[in-house]
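This is what each chain is made of:
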Amino acid sequence: MKNFDKWFAEQLTSGLVDIKFAIVPGKGVSREAVQDEILAAEAAISSGFFRSAPKATSMNTPDVQAILDSAVVA
Amino acid sequence: MAPQGAILLFMTQNHTEEIERHYSRWIHDTAINIFNIVSEQTGLPKAPTLGSQIRPIPVYEDEASSLLKCVGARRPTEILWPAVPDDKYVPAYFKRYGEKKDSRNEVVVIAENYCHARFFAAKELMHCLMDDDGFVATNTAALANQLIDELSAGNANLDIKPQTMVDQIAYVGALVYLIPNDWIPLLKQMVADLEKAGPGMTEHAYRHVATMIRVPELLLRIRLTQ
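Below: a short report on this structure. Within each chain, residue numbers correspond to sequence positions counted from 1 in written order. The lettering of chains begins at A and the numbering of ligands begins at 1, in the order of writing. Thresholds applied to this predicted model are a pLDDT of at least 70 for local features of residues and 80 or more for the giving and counting of side-chain atom pairs; totals over whole chains, interfaces and linings are not thresholded and use all residues.

Examining the overall build of chain A
How we decide: Comment: elements are numbered from the N terminus, with helices defined as DSSP H or I runs of at least four residues and strands as E runs of at least two. Both definitions apply: the radius of gyration is a C-alpha atom measure, and the globule rule equals 2.2 Å times residues to the power 0.38. Partly exposed residues are those whose C-beta has more than 12 but fewer than 20 other C-beta atoms within 10 Å; 20 or more makes a residue buried and 12 or fewer makes it exposed, with C-beta atoms placed from the backbone.
Each helix and strand counted, chain A has 3 helices and 1 strand in total. Written out in order from the N terminus, the α and β elements of chain A read α-β-α-α. Expected size for 74 residues packed as a compact globule is a radius of gyration near 11 Å; at 21 Å, chain A overshoots this value by more than 25%. For chain A, the C-alpha atoms occupy an extent of roughly 55 × 30 × 25 Å along the three principal directions. The 74 residues of chain A split such that 26% are buried.

Considerations on the overall build of chain B
Within chain B, the secondary structure is distributed over 8 helices and 3 strands. Each helix (α) and strand (β) of chain B, taken in turn from the N terminus, gives the series α-α-β-β-β-α-α-α-α-α-α. Per-residue burial for chain B yields a buried fraction of 41% across its 226 residues.

Quick notes on the packing of helix α2 (residues 31-47) of chain A against helix α4 (residues 141-152) of chain B
Applied cut-off: The angle between two axes is taken between their N-to-C directions and runs from 0 to 180 degrees, where each axis is a line fitted to C-alpha atoms and a helix contributes only its stretch in contact. An angle counts as roughly parallel when it lies under 35 degrees, as roughly antiparallel when it exceeds 145, as roughly perpendicular when it falls between 65 and 115, and as oblique in every other case. If you view the pair so one helix is near and one far, a crossing is left-handed when the near helix is turned anticlockwise from the far one by less than a right angle, and right-handed when it is turned clockwise. The contact rule is simple: place each C-beta atom from the backbone, and if two of them lie within 7 Å, those residues are in contact. Note on residue categories: nonpolar means Ala, Val, Leu, Ile, Met, Phe, Trp, Tyr, Cys or Pro, charged means Asp, Glu, Lys or Arg, and polar means any other residue, Gly included.
Here α2(A) crosses α4(B) at 115°, and the two axes come no closer than 9 Å. In terms of axis orientation, α2(A) runs roughly perpendicular to α4(B). When the axes of α2(A) and α4(B) are compared, the crossing they make is right-handed. The residues of α4(B) that touch α2(A), namely those facing Arg31(A), Val34(A) and Gln35(A), are Asn145(B), Ile148(B), Asp149(B) and Ser152(B). When grouped by side-chain class, the residues that make up the contact of α2(A) with α4(B) number 2 nonpolar, 3 polar and 2 charged.

Side note on the pairing of strand β2 (residues 92-97) of chain B
The following threshold applies: Here, a strand pair is defined by DSSP locating no fewer than two bridges between the strands.
Burial analysis of β2(B) places 5 of its 6 residues in the buried class, which makes it a mostly covered element. When strand β1 (residues 16-22) of chain A meets β2(B), the two strands line up antiparallel, connected through 6 bridges. The partner of Ala22(A) across the bridge, within β2(B), is Ala92(B). Two elements, β2(B) and strand β3 (residues 104-109) of chain B, share 6 bridges in a ladder whose sense is antiparallel. Considered in β3(B), the bridge of Phe94(B) is made with Val107(B).

A look at the interface of chain B and chain A
Many analyses report the size of an interface as the accessible area lost when the parts associate. Listed per partner, the contact involves 61 residues of chain B and 46 residues of chain A. Going through the elements one at a time, β2, α3 (114-128), α4, α6 (184-196) and α7 (205-213) of chain B are the ones with two or more residues in the side of chain B that touches chain A. Sorting elements by how many residues they give to the side of chain B that touches chain A places α4(B) first, with 8 residues.

Focus on the nonpolar core
All names here are of chain B. Operational definition: Put simply, a nonpolar core is buried Ala, Val, Leu, Ile, Met, Phe, Trp, Tyr and Cys residues tied into one set by C-beta atoms within 7 Å.
Grouped together as the largest cluster of nonpolar side chains are 80 residues, with contacts concentrated most on Leu67, Ala92, Val109, Ala121, Ala122, Tyr177 and Val209. In terms of residues, this core owes the most to one element, α3, which gives 9 residues. Once residues within four sequence positions are removed from consideration, Leu67 is found in contact with Ile34, Val38, Pro58, Val59, Ala122, Leu125 and Tyr177.

Quick look at the packing of α3(B) against helix α5 (residues 162-178) of chain B
Residues and elements named next belong to chain B. Contact geometry for α3 and α5: axes closest at 8 Å, N-to-C directions at 120°. When the axes of α3 and α5 are compared, the pair comes out oblique. Between α3 and α5 lies a crossing of right-handed hand. Across the interface between the two elements, Phe119, Ala122, Lys123, Met126 and His127 of α3 pack against Ala170, Tyr171, Gly173, Ala174, Tyr177 and Leu178 of α5. The residue inventory of the contact of α3 with α5, partitioned by class, reads 8 nonpolar, 2 polar and 1 charged.

Points about the sheet that holds β1(A)
With mixed pairing, the 4 strands of this open sheet are ordered in space as β1(A)-β2(B)-β3(B)-β1(B). For this open sheet the edge positions go to β1 of chain A together with β1 (77-80) of chain B, each flanked by a neighbour on one side alone. The mean angle between the axes of side-by-side strands here comes to 15°, regardless of whether they run parallel or antiparallel.

Comments concerning α7(B)
For α7(B), the tally of buried residues reaches 7 of 9 residues, placing the bulk of the element in the interior. Burial in α7(B) covers these residues: Ala205(B), Tyr206(B), His208(B), Val209(B), Ala210(B), Thr211(B) and Met212(B). For α7(B), the elements touching its buried residues are α3 (62-70) of chain A together with α3, α6 and α8 (217-225) of chain B. Among the residues trailing α7(B), Arg214(B) stands out with phi positive, at a value near 55°.

Brief notes about the environment of Val109(B)
Residues and elements named next belong to chain B. Within the secondary structure, Val109 is located in strand β3. Note on Val109: 29 C-beta atoms within 10 Å, which makes it buried. When the C-alpha positions of Val109 and Lys196 are compared, they lie 38 Å apart, and in sequence the two are 87 residues distant. In contact with Val109, not counting residues within four places along its chain, are Ile79, Trp81, Ala92, Ala117, Phe120 and Ala121.

So, the pairing of β3(B)
Residue and element names in this part refer to chain B. Looking at chain direction, β1 and β3 are connected through 4 bridges and run parallel. If you follow Glu78 over to β3, its bridge partner there is Glu106. Connecting β2 to the next strand, β3, in antiparallel fashion are 6 residues, including Gly98 with a positive phi near 85°.

This is how it looks when you write it as structure tokens:
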């Protein structure tokens, strides 16, 4: 996999002016692990490997939904 | 510490707090303004009084208006969904290319869960709204690595740089957009009604409400109890 700093330098050449991340801190997280995930995503993008945007796959049951729908505030 | 050093530290801390206050206020107001636009164009109530009036606030969904459409009206913006299997540490990230009027945004979302994808997309879209003249921009490899290190450390490191602070403030914008202030009384009432409804409802009250408006359950808990 490409080196992160090398990839970043290429992005600057392509006009990158800012980048921000959502990172879930926790056990096992490291700079290298984060960089690897970003590079994997970028490799997929470069290769045209995309998926559909996520959609809802679960719903509340009708009895729960009835309670939610009937909630009232003044 | 030498007096000059103490004064410098004091000034730096005050300056950082001032920047944080500025961006916090700004992101809060911006999120509310965008929600108001989406509300008017989609028929979602600004201050709902009945549960049946509410549904998920559009982030990227194909509706009359959404956060993505509002952001895109200001500057070309697209969300990319790369087919990668792992969203262990990086559920999403944001990139901006080009200067000022000619710039465009890319938001990359890796999270696969619908509620998480909505939330992280919203968080990254908040960055698309920021015009900062480069002050908080992450525009060198060294800064990017520093940002990764500071975000990976969670809140343990209080001496964070402006770029990291802005990244964290974007979470606030996403929360305010997805769970507007004026929805909170009704959402709290929904939780209370479920908790009164007995076994099967009480234990998962927050989850049921989170499912209804499609936000992560933990974030709904934080928003309703903060």
